[in-house]
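Architecture and fold: a report
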Amino acid sequence: MHGTGDEAAEEFRELLRGLRVHDAGELPAFDPEQAPDEPLSLFRRWLREAAEAGVPGPHTMMLATADADGRPSVRTVMLHDVDARGWHFGTHRTSRKGRELAARPYAALGFHWTAVGRQVRIGGRVTVADPEESAADLRGRSPAALTAALAGGGRQSEVLGSYEELERAFEAARERVEREPEATAPSWTLYVLAADEVEFYQEEEHRRHVRLRYRRAAEGEDGGWRRELLWP
């Protein structure tokens, strides 16, 4: 006879088996033959279409980094911009991800837009924007985001002594933002990921999913990007 722990484990497995990734109607079609020669314009279109489909926070993405020993870590961050240089995001350079990027300046990003059955994976080298651009990035964010950046300062990812300490730091930061709406956090840094690989994944009702990968041409090769289909 199964004990309580076994029963709970089986109930959890049944829950997982019964979940559905997509149940929101017809999925959009994706013809890879009609895809552009480079990934930037397609990414912008897919993000825009995700927003129009009502996906909450379509600019939310997973950021994976690794420490000096190669041990990976992942967290959720926000996309601040994407242009010819790459995908932009911000954080404190003293945070765990900031320290890991300093040790290994490579990262991967992941977007998942369930309502349209789409994913995008991006990988490449990360560079640091100059201090003026980093400060402008922080100033362009909401007062709440600026408050959080100032409250965390150079302590993000460090052990917190008590929640009251956090409340005091946020209250002090909130008062500062009211006095100095142009205040900046010295450790706040804008990072830019220059992609060398971008994969677009479109789910299909019968699991004949479409995977289109762009790979940047190696130095000395003709053209900017190589396109190739992948088995789902």
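All of these numbers come straight from a predicted model, not from anything done at the bench. (Residues numbered from 1 in each chain as written. Predicted model: local features only at pLDDT ≥ 70, side-chain atom pairs only at ≥ 80, totals over all residues. Heavy atoms only, no water.)

Focus on the nonpolar core
Keep this limit in mind: By nonpolar core we mean a set of buried residues, namely Ala, Val, Leu, Ile, Met, Phe, Trp, Tyr and Cys, connected to one another through side-chain atoms within 4.5 Å. Exposure is judged per residue with a 1.4 Å probe applied to protein chains only, and the accessible area is read against the type maximum: over 50% gives exposed, under 20% gives buried, and values in between give partly exposed. Helix and strand definitions follow DSSP, with helices as H or I runs of at least four residues and strands as E runs of at least two, each counted in order from the N terminus. Contact between two residues is taken to exist if any of their heavy atoms lie within 4.5 Å; hydrogens are not considered.
Residues Phe43, Trp87, Phe111, Trp113, Val120, Ile122 and Phe200 are the most contacted members of the largest nonpolar core, which totals 33 residues. Of all the elements, helix α2 (residues 39-52) adds the most residues to this core, at 6 residues. Non-local contacts of isoleucine 122, meaning those with residues more than four positions away in its chain, are made with Phe43, Trp87, Ala107, Ala108, Leu109, Phe111, Leu193, Ala195, Glu197 and Val198.

As for the side chain of serine 187
Its location among the elements puts serine 187 in the loop between α6 (163-179) and β7 (188-202). In this structure serine 187 comes out as buried when scored by relative accessible area, which is 9%. Ignoring anything within four residues of it in the chain, the contact list for serine 187 reads Thr91, His92, Arg93, Thr94, Gly153 and Gly154.

Observations concerning helix α4 (residues 131-139)
Note the following rule: Picture the helix axis, draw a direction to every C-beta atom, and the arc is the one those directions span.
All buried positions along α4 are accounted for by Ser134, Ala135, Asp137 and Leu138. One side of α4 holds all its buried residues, which, seen down the axis, span an arc of 155°. Where α4 is buried, its residues contact α5 (143-152) and β7.

Structural notes on a nonpolar patch on the surface
Keep this limit in mind: Surface patches are defined over residues having more than 30% relative accessible area and no salt bridge, joining like charges when they lie within 9 Å and nonpolar side chains (Val, Leu, Ile, Met, Phe, Trp, Tyr) when within 5 Å. The Shrake-Rupley method, run with a 1.4 Å probe sphere, supplies the accessible areas, and residue values consider only the shown protein chains as cover. For salt bridges, the criterion is a side-chain nitrogen of Lys or Arg within 4 Å of an Asp or Glu carboxyl oxygen.
Together, Phe12, Leu15, Leu16 and Leu19 line one region of the surface with nonpolar side chains, adding up to about 410 Å² of accessible area. Topologically, phenylalanine 12 is positioned in helix α1 (residues 4-18).

Observations regarding unusual backbone geometry
For serine 157, which is not a glycine, the phi torsion comes out positive at approximately 80°. With respect to the helices and strands, serine 157 occurs in the loop between α5 and α6. Backbone geometry at arginine 207 places phi at a positive 70°, although glycine is not the residue there. Tracing the backbone shows arginine 207 in the loop between β7 and β8 (210-216). On the basis of relative accessibility, which here comes to 66%, the residue arginine 207 falls in the exposed class.

Here's the deal with the pattern of salt bridges
Evaluated as defined, the whole model comprises 20 salt bridges. Taking the shortest distance from any N to any O, the salt bridge between arginine 118 and glutamate 49 comes out at 2.6 Å. Within this pair, whereas arginine 118 is found in strand β6 (residues 118-128), its partner glutamate 49 is found in helix α2, the two being separated by 69 residues in sequence. On the basis of relative accessible area, glutamate 49 is assigned to the partly exposed category, the value being 26%. Between glutamate 228 and arginine 215 there is a salt bridge, with the nearest N and O atoms lying 2.7 Å from each other. Separated by 13 residues along the polypeptide, glutamate 228 in strand β9 (residues 225-230) and arginine 215 in strand β8 bring together distant segments of the chain.

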